[in-house]
Amino acid sequence: MNIIFHKNFFETYADDPAAASGRMEPIINELKKYPYYKFITPEVAKSDDLLRAHSSEHLENIKKSPTVYSMAILAAGGAIKAAELAFSGEPSFACIRPPGHHASYNSCWGFCFFNNMAVSLLKLESEGKIKSAFILDFDLHTGDGNINILGKKKNYTILNPSSNNERDYLKEISLTLDRAGDFDIIAASAGFDEYVRDWGGKLSTNAYQEIGEMMREFSEKHCKGRRYALLEGGYCYEDLGINIHAFCEGFKASE
C-alpha cells in the first residue's frame, strides 16, 4: 500500500495544532515499522489544479504567507498523487498537512488552506477518469469545504457520520455504504480527532481499522478497487501513528 509523504511535512509552517511540531513524526515512525508500506514523495500542485477548486483571489490570499503557501501546495500535490495512484488500482494514504476539508471556493478556516480532496477529485474528473465519487469524511468536524465545493455535484456523495457513540457511528457508515451503489472511486477525508483520547472522545483504535475495512470492501465491490485517503485532523500525537496504521491495515489490499 502506498503512503504519500514528503519530509517537508515535518516542518512547522503555522501556529495551529495541525501544524505543530511533533505531529508527523509518530505517524511516520509507526508506518516505517511495516515493510508493506511503500513511501512515495509527491510534487507540488500546479495553479491550474488549485483553480478547479478555488478562486484566483483565494490563491493570492494564501500566497501572502509564503511558508503556508509552499506547504499547502505540497499537501494538495500529495492528494493528487494519492488520487492518481488510487485510480490506477493502488490504494493510497496521503500523510499530508495542512488539512483541507474546511477550505471552500473563496475562503478557509480550521487549519485548512486549500481543499485537498476537491483538488484531487476535480483533477481526475478534468482528465475524464471519473464522473462519480463517494467521500467519507470521518473527521470530528464536518467538512464544510468538501460540501461547499463538491456537495452539489451530480454523482458525488459525501457522508459525515454524526452518531454519538462508536457502535452507532460504525453502523451509520456501514448502512450508508450498503445503500450507496456504484461509484468511480471512494475517498476519505481521514480525521483521527474522534479518537477516545482526542477531542471527540468517541472512537477506538479498532474502530479505525473497521472503517478502513468497510472502505476497502466497498471499493472492491463498487469502485473497481479504487480508493484513497487524505489526512485531516488528529491531535493526540502519541497515538496518531497507531490509529493511522490501524486504518491502513483495514484499508490496504487483503492478503
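All of the points below concern the structure found in this document. (Residues numbered from 1 in each chain as written. Predicted model: local features only at pLDDT ≥ 70, side-chain atom pairs only at ≥ 80, totals over all residues. Heavy atoms only, no water.)

1. Quick notes on the nonpolar core
Soluble globular proteins: nonpolar side chains tend toward being buried together.
Phase 1: Formed by 88 residues in total, the largest nonpolar core has its most connected members in Phe 93, Leu 121, Phe 138, Phe 192, Ile 211, Tyr 228 and Phe 247.
Phase 2: The biggest single contributor to this core is helix α4 (residues 66-87), with 14 residues.
Phase 3: Ignoring sequence-local partners within four residues, the contact set of Phe 247 consists of Phe 93, Phe 138, Phe 192, Tyr 208, Gln 209, Ile 211, Gly 212, Met 215 and Ala 229. (Core = buried A, V, L, I, M, F, W, Y, C linked by side-chain atoms within 4.5 Å. Buried < 20%, exposed > 50% of the residue type's maximum accessible area, 1.4 Å probe, protein only. Helix = DSSP H or I, 4+ residues; strand = E, 2+ residues; numbered from the N terminus. Contact = heavy atoms within 4.5 Å.)

2. Here we look at the layout of surface pockets
Phase 1: Space inside the largest pocket adds up to approximately 190 Å³.
Phase 2: As for the largest pocket, its lining consists of Pro 42, Glu 43, Val 44, Ala 45, Lys 46, Asp 49, Gly 77, Ile 80, Lys 81, Glu 84 and Lys 123.
Phase 3: Considering every element that reaches the lining of the largest pocket, the biggest residue donor is α4, with 4 residues.
Phase 4: Its residues placed into classes, the lining of the largest pocket shows 4 nonpolar, 1 polar and 6 charged. (1 Å grid on protein atoms, 1.4 Å probe; cavity = no way out; pocket = protein on both sides within 12 Å on 5 of 7 lines; lining within 4 Å. Points joined across faces, edges and corners; volume = space filled by probe spheres on them. Nonpolar A, V, L, I, M, F, W, Y, C, P; charged D, E, K, R; others polar.)

3. Digging into helix α1 (residues 24-31)
Phase 1: For α1, the full list of buried residues reads Met 24, Ile 27, Ile 28, Glu 30 and Leu 31. For α1, the buried positions fall inside an angular range of 160 degrees around the axis, keeping them on one side.
Phase 2: Where α1 is buried, its residues touch β1 (2-4), β2 (38-40), β7 (227-231) and α9 (237-251). (Arc of directions from axis to C-beta.)

4. A look at α4
It helps to recall that an α-helix has 3.6 residues per turn; residues three or four apart then point in one direction.
Phase 1: In this model α4 runs 31 Å from its N-terminal to its C-terminal C-alpha over 22 residues, within 8% of the 32 Å that 1.5 Å per residue would give.
Phase 2: Here α4 lies mainly inside the structure; 16 of its 22 residues are buried.
Phase 3: Looking at the residues trailing α4, positive phi occurs at Gly 89, about 105 degrees. (Expected span 1.5 Å × (residues − 1).)

5. Side note on the sheet that holds β2
Phase 1: With parallel pairing, 7 strands are arranged side by side in an open sheet as β2-β1-β3-β7-β6-β4-β5. Each edge of the open sheet carries a strand with a single partner, namely β2 and β5 (156-159). Neighbour to neighbour, the strand axes of the sheet diverge by 20 degrees on average, direction disregarded.
Phase 2: Of the strand pairs in this sheet, strand β6 (residues 186-190) and β7 are connected by 5 bridges, and their pairing is parallel. Paired with Ala 190 across the bridge in β7 is Leu 231.
Phase 3: Along the sheet, α4 contacts β1, β2, β3 (92-94) and β7; its crossing angle with β7, the most-contacted strand, is approximately 165 degrees. (Pairing = 2+ DSSP bridges. Axes fitted to C-alpha atoms, helices over the stretch in contact; angles between N-to-C directions.)

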